[in-house]
Amino acid sequence: MNKKKLILFDLDSTLIENETIDEFAKITGVENEVKEITKDAMNGKLNFEQSLKKRVALIKGAPISKIKEAVSTFKLTEGAKETIEELKNRGYVVGVVSGGFTVATDKIKEMLGLDYAYSNNLIENDGILTGEVNGVMMEEQAKGKMLKELAKRENIDLKDTVVVGDGANDLSMFKVAGFKIAFCAKDILKKNADICIEKRDLREILKYIE
């Protein structure tokens, strides 16, 4: 019987090829403005919570139906399904933690059969986004806190946890986890990783974890 372990993935540009908020920004025609803020946040130049609120404010007025339509076009990263299946075979509890939104993480959780999915909520009124956001993954340290919480809940030692991410807002979970994988990541995260993978195929991570 395999020992129970925990692995948490970031969503945007990790489990999926897309940056959720950038895709949603196309709906309201603010893609360039949002992309700039995303870039600064990912490279650690902007506080995550501030950058999130700024970007969500820019997509105010988008119909939730269009948001869901956009989510249905998201592309899983190469090897995602096979990787999750194999991790489960190896005794892992698998989750996604994202500074993005439940409209996307819930769908990915279902598609991949994940055990956990945590992200934030886009606030809507009569099917239209208000430009506001709330949720458990808003603040800078949220991913690290969630990793500790889930490890405790599942009775898994932190040394038996693995995290996979690509940007600055994954740093808090990188500081806590037993093994840290930077996946096609920004330099700020690579510096804090045990292993850096440059090939965009999630199956690559299976070579480095038991």
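Below is a summary of the structure that appears in this document. (Residues numbered from 1 in each chain as written. Predicted model: local features only at pLDDT ≥ 70, side-chain atom pairs only at ≥ 80, totals over all residues. Heavy atoms only, no water.)

**Describing the overall build of the protein**
Here is step 1 of the chain: Assigned secondary structure in the protein consists of 9 helices and 7 strands.
Here is step 2 of the chain: Here the C-alpha atoms of the protein give a radius of gyration of 16 Å, agreeing with the 17 Å that 2.2 N^0.38 yields for 210 residues.
Here is step 3 of the chain: In terms of principal-axis extent, the alpha carbons of the protein reach across some 50 × 30 × 30 Å.
Here is step 4 of the chain: Counting contacts in the protein only where the partners sit at least 6 residues apart, residues at least 24 apart contribute 61% of the total.
Here is step 5 of the chain: Of the roughly 9700 Å² of accessible surface on the protein, a fraction of 46% belongs to carbon and sulfur atoms.
Here is step 6 of the chain: The positive charge centre, built from 34 side chains, and the negative charge centre, built from 36, are 3 Å apart in the protein. (Helix = DSSP H or I, 4+ residues; strand = E, 2+ residues; numbered from the N terminus. Rg over C-alpha atoms; globule rule 2.2 N^0.38 Å. Contact = heavy atoms within 4.5 Å. Areas by Shrake-Rupley, 256 points an atom, 1.4 Å probe, with all protein chains shown as cover. Lys, Arg positive; Asp, Glu negative; His and termini not counted. Charge placed at Lys NZ, Arg CZ, Asp CG, Glu CD.)

**Some thoughts on the environment of Asn 169**
Here is step 1 of the chain: In this fold, Asn 169 is placed in the loop between β5 (161-165) and α8 (171-174).
Here is step 2 of the chain: Taking the C-alpha atoms as reference, Asn 169 lies 7.7 Å from Gly 99; in sequence the two are 70 residues apart.
Here is step 3 of the chain: Discounting chain neighbours no more than four positions away, the residues touching Asn 169 are Phe 48, Gly 99 and Lys 143.

**Let's talk about the packing of helix α1 (residues 20-28) against helix α2 (residues 31-42)**
Here is step 1 of the chain: In the contact formed by α1 and α2, the axes pass within 8 Å of each other and the chain directions differ by 165 degrees. When the axis of α1 is compared with that of α2, the two are roughly antiparallel. In the packing of α1 onto α2, the handedness of the crossing is right-handed. Together, Ile 21, Asp 22, Ala 25 and Lys 26 of α1 and Glu 31, Val 34, Lys 35 and Thr 38 of α2 make up the contact between the two elements.
Here is step 2 of the chain: Of the residues that constitute the contact of α1 with α2, the class distribution is 3 nonpolar, 1 polar and 4 charged. (Axes fitted to C-alpha atoms, helices over the stretch in contact; angles between N-to-C directions. Parallel < 35°, antiparallel > 145°, perpendicular 65-115°, else oblique. Left-handed = near helix turned anticlockwise from the far one by under 90°. Nonpolar A, V, L, I, M, F, W, Y, C, P; charged D, E, K, R; others polar.)

**Here's the deal with the packing of aromatic side chains**
Here is step 1 of the chain: One pass over the structure, following the stated rule, counts 3 aromatic pairs.
Here is step 2 of the chain: Summarising the aromatic geometry, the rings of Phe 24 and Phe 74 are spaced 6.2 Å apart at their centres and angled 20 degrees between planes, so their arrangement reads as stacked. Here Phe 24 is found in helix α1, whereas its partner Phe 74 is found in the loop between α4 (64-71) and α5 (80-89), with 50 residues between them in sequence. We note that Phe 24, like Phe 74, is buried.
Here is step 3 of the chain: Geometrically, the ring pair formed by Tyr 116 and Tyr 118 is stacked, given 6.2 Å between the ring centres and 20 degrees between the ring planes. (Phe/Tyr/Trp six-rings, centres within 6.5 Å; stacked < 30°, edge-to-face > 60°. Buried < 20%, exposed > 50% of the residue type's maximum accessible area, 1.4 Å probe, protein only.)

**A few points about the sheet that holds strand β4 (residues 128-135)**
Here is step 1 of the chain: On the basis of which strands lie adjacent, the open sheet formed by 7 strands has the order β4-β3-β2-β1-β5-β6-β7 and mixed pairing. The open sheet has two edge strands with one neighbour each: β4 and β7 (195-197). The sheet shows a mean angle of 25 degrees between the axes of neighbouring strands, taken without regard to direction.
Here is step 2 of the chain: Where strand β1 (residues 5-9) lies against strand β2 (residues 92-101), 5 bridges are found, and the strand directions are parallel. Its bridge partner being in β2, Lys 5 is matched across the sheet by Tyr 92.
Here is step 3 of the chain: Along the sheet, α5 contacts β1 and β2; its crossing angle with β2, the most-contacted strand, is approximately 140 degrees. (Pairing = 2+ DSSP bridges.)

**So, the pairing of β5**
Here is step 1 of the chain: Most of β5 is tucked away: 5 of the 5 residues are buried.
Here is step 2 of the chain: Bridging between β1 and β5 involves 4 bridges; their strand directions are parallel. Bridge pairing in β5 links Leu 8 to Val 163.
Here is step 3 of the chain: Pairing between β5 and strand β6 (residues 179-183): 4 bridges, direction parallel. When the sheet's bridge partners are listed, Val 164 is paired in β6 with Ile 181.

**Some remarks on the side chain of Asn 18**
Here is step 1 of the chain: Considering the arrangement of structural elements, one finds Asn 18 in the loop between β1 and α1.
Here is step 2 of the chain: Excluding its chain neighbours within four sequence positions, the residues that come into contact with Asn 18 are Asp 12, Ser 13, Glu 23, Phe 74 and Lys 75.

**Thoughts on the layout of surface pockets**
Here is step 1 of the chain: Of the voids in this model, the largest pocket is the one considered here, and its volume is about 160 Å³.
Here is step 2 of the chain: Lining the largest pocket are Lys 3, Lys 5, Tyr 92, Lys 159, Asp 160, Thr 161, Val 162, Phe 179, Tyr 208, Ile 209 and Glu 210.
Here is step 3 of the chain: Taken together, the residues that form the lining of the largest pocket break down as 5 nonpolar, 1 polar and 5 charged. (1 Å grid on protein atoms, 1.4 Å probe; cavity = no way out; pocket = protein on both sides within 12 Å on 5 of 7 lines; lining within 4 Å. Points joined across faces, edges and corners; volume = space filled by probe spheres on them.)

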